[in-house]
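Observations on chain architecture
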Amino acid sequence: MSLKNIAVIGAGTMGNGIAHVFAQSGFSVTLIDVNSAQLEKAVQTIGRNLDRQVSKGSLTEEQKTGTLQRLTTQTDLAAGVANASLVVEAATENTELKLKIFQQLDAAAPADAILATNTSSISITRIASVTKRPELVIGMHFMNPVPVMKLVEIINGYATSKEVTATITELSKQLGKVPCVVNDYPGFIANKILMPMINEAICSLYEGIAGVEAIDSIMKLGMAHPMGPLQLADFIGLDVCLSILQVLHQGFGNPKYAPCPLLVNMVAAGKLGVKSGEGFYTYTPGSKELVVSSRFAG
């Protein structure tokens with residue numbers, strides 16, 4: 001199964017990263033979003049990231065130019081996927097939104113096109129159920145930041161064909177990634193293991209066992225994690241962490257996945273981490289210095 005034209009749905013952090021990687025790997029890519037300003041911002045972000053690669057010597061100016069030439073943008077979903085052999089959906093982690101998008105994709109994309117989702121927790125089987133091609137629907141879960149992180153978690157839905165799994169596995173290798181195939185249960189593997197750890201770190205803070213810096217330092221220095229769980233939660237987005245935990249809690253019916261009340265309150269207050277400028281830490285644009293949020297300091 002040959003894949004040439006790639007369509008990416010959603011021009012946010014994950015979508016622009018996925019488009020970047022495909023275009024850099026030689027594929028023709030159409031990045032699709034209903035918001036034209038978001039598309040413009042995404043292309044600028046990709047350009048800056050390519051410039052960074054050039055400055056580090058990992059990419060030439062010619063390769064940068066070629067990457068950008070292979071990338072086009074589109075605000076009309078049907079037009080954007082009309083010639084796609086693979087569509088990768090990277091919209092907001094919202095079940096109803098994804099189901100609506102996949103219904104539209106099923107109607108608009110070529111009948112033999114593979115429909116992939118970058119969901120981090122939502123059932124591939126449920127997403128596939130709203131299409132007439134469930135055997136061609138698969139999870140392709142990239143990690144953030146996409147151009148840097150090597151893992152692609154490939155998730156088989158109940159009806160996903162072995163040929164599609166093999167195709168997406170090989171494609172991931174062509175992108176310079178390491179594919180790991182898993183089955184379709186809430187949180188898959190990455191978030192089924194990661195999110196309870198993050199939630200437990202938040203509960204430890206909530207219960208007053210230790211402060212933000214102590215919790216993160218213990219996990220970095222004692223467990224060799226490159227980033228502490230609270231900083232990582234900020235980086236992922238506290239709203240995304242909450243959404244995934246809710247999927248785990250509902251899907252397994254196990255109280256161990258219940259989101260910490262502190263996490264629930266922080267999301268309700270709009271303290272979402274890096275994206276809002278404050279979570280467990282305070283973030284200043286252009287600065288890499290971590291400052292513990294005033295709410296948790298002292």
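Taking an unreviewed UniProt entry as the reference, the protein chain is identified by name as 3-hydroxybutyryl-CoA dehydrogenase belonging to Sediminibacterium ginsengisoli.

Moving on, we come to the sheet that holds strand E3 (residues 71-74). Strands in a sheet are paired, the pairing made by backbone hydrogen bonds, and the direction either parallel or antiparallel. Strand order in the open sheet formed by eight strands is E3-E2-E1-E4-E5-E6-E7-E8, and the pairing between neighbours is mixed. In the strand order of this sheet, the two ends are held by E3 and strand E8 (178-183), each with one partner. Across the sheet, the mean angle from the axis of one strand to that of its neighbour is 25 degrees, orientation sign disregarded. Those strands touched by helix H2 (residues 36-56) are strand E2 (28-32) and E3, and its axis lies near 165 degrees from that of E3.

Attention shifts here to the pattern of salt bridges. A pair can form between side chains of opposite charge whenever their charged atoms are brought close. Evaluated as defined, the whole model comprises seven salt bridges. With its nearest N and O atoms 3.7 Å apart, the salt bridge here joins Lys98 to Glu93. Two residues, Arg126 and Glu96, come together in a salt bridge whose shortest N-O distance is 3.5 Å. Residue Arg126 is found in helix H6 (residues 124-128), and its partner Glu96 is found in helix H5 (residues 95-108); the two are separated by 30 residues along the sequence. One network of salt bridges, in which partners are shared, links Glu89, Glu93 and Lys98.

So, on to the UniProt feature "binding site: NAD(+)" (unreviewed entry) in the protein chain. The UniProt entry lists Gly10, Ala11, Gly12, Thr13, Met14, Gly15, Asp33, Glu93, Lys98, Ser120, Asn144 and Lys275 under the feature "binding site: NAD(+)" (unreviewed entry), expressed in the numbering used here. Mapped onto the elements of the fold, Gly12 is located in the loop between strand E1 (5-9) and helix H1 (13-24). With a relative accessible area of 28%, Gly12 lands in the partly exposed category. Among the secondary structure elements, Gly15 is positioned in helix H1. Those residues in contact with Gly15, other than ones at most four positions away along the chain, are Val8, Gly10, Leu31 and Ala90.

Parameters at a glance
- Residues numbered from 1 in each chain as written.
- Predicted model: local features only at pLDDT ≥ 70, side-chain atom pairs only at ≥ 80, totals over all residues.
- Heavy atoms only, no water.
- Pairing = 2+ DSSP bridges.
- Helix = DSSP H or I, 4+ residues; strand = E, 2+ residues; numbered from the N terminus.
- Axes fitted to C-alpha atoms, helices over the stretch in contact; angles between N-to-C directions.
- Contact = heavy atoms within 4.5 Å.
- Salt bridge = Lys/Arg side-chain N within 4 Å of Asp/Glu carboxyl O.
- UniProt positions renumbered as here; feature names shortened; annotations may be inferred.
- Buried < 20%, exposed > 50% of the residue type's maximum accessible area, 1.4 Å probe, protein only.

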